[in-house]
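# Remarks on the overall topology
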Amino acid sequence: LLIRDYKYLDGVTVLLPNVLFELFIGKLSDNVNRVLLIGIACIVYSGSTFIAGAVDNYQVFVAMRIMLGLFSVAAFTPCVSLIRDYFPPNLRSRAVAIFLSSDFIGCSISALTILAIEKYGWRMDYEAVGAFGVVAGLAMLFFCEVPERG
């Protein structure tokens, strides 16, 4: 990867597709099984992270970053809706607070991957995180109960 191209890898390739896909996912999550949507999205964006770490082709790497941006939003939006279905009204604010704090906790933990990157390289970091996410997505598909719509 060229140094001059790094500035595009998070902004344009991840955030722009994320923003553009948000409204579509909001509409989609109103009409499909949200647990299935989240599980598939987790598998796709984690798989794209794994592939990004494994490829030596810049164009494929950028395509995988775009996939991450597209499908990571599909894991967030339906979660908010599921909180309404899983939790009674007196616990929803707390559930939303915990869910939203998980993003900050995840960012904090991801900062620790610097240690893994220093020891094993960024590719191994991408591959490990991607593999874990694929397993988490599969676990969601096989073990999470679909709640009744409230």
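Provided above is the structure to which this section pertains.
Thresholds applied
Residues numbered from 1 in each chain as written. Predicted model: local features only at pLDDT ≥ 70, side-chain atom pairs only at ≥ 80, totals over all residues. Heavy atoms only, no water. Helix = DSSP H or I, 4+ residues; strand = E, 2+ residues; numbered from the N terminus. Expected span 1.5 Å × (residues − 1). Bend = angle between axes of the 7 residues up to and from the residue. Polar contact = N/O pair within 3.5 Å; in protein donor to acceptor, adjacent residues only side chain to side chain. 1 Å grid on protein atoms, 1.4 Å probe; cavity = no way out; pocket = protein on both sides within 12 Å on 5 of 7 lines; lining within 4 Å. Points joined across faces, edges and corners; volume = space filled by probe spheres on them. Nonpolar A, V, L, I, M, F, W, Y, C, P; charged D, E, K, R; others polar.

### Section: helix α3 (residues 58-86)
Taking 1.5 Å per residue as the helical rise, α3 with its 29 residues ought to reach 42 Å, and the 42 Å between its terminal C-alpha atoms agrees with that figure. V80 marks the point of greatest bend in α3, at about 30 degrees. Of the residues that open α3, the one with a side-chain oxygen 2.9 Å from the backbone nitrogen of Q59 is N57.

### Quick look at the layout of surface pockets
To locate leftover empty space, one rolls a probe as large as a water molecule over the atoms. Of the volumes computed, that of the largest pocket is approximately 1,400 Å³. As for the largest pocket, its lining consists of 29 residues, and the residues nearest its centre are Y45, D103, G106, C107 and V129. No other element matches helix α6 (residues 122-143), which puts eight residues into the lining of the largest pocket. Tallied by class, the residues present in the lining of the largest pocket amount to 17 nonpolar, nine polar and three charged. Its boundaries defined by the atoms lining it, the second largest pocket holds a volume of some 200 Å³. Lining of the second largest pocket is provided by V35, C79, L82, I83, Y86, F87, A95, I98, F99, M140 and C144. Elements represented by at least two residues in the lining of the second largest pocket include exactly α3 and α4 (89-111).

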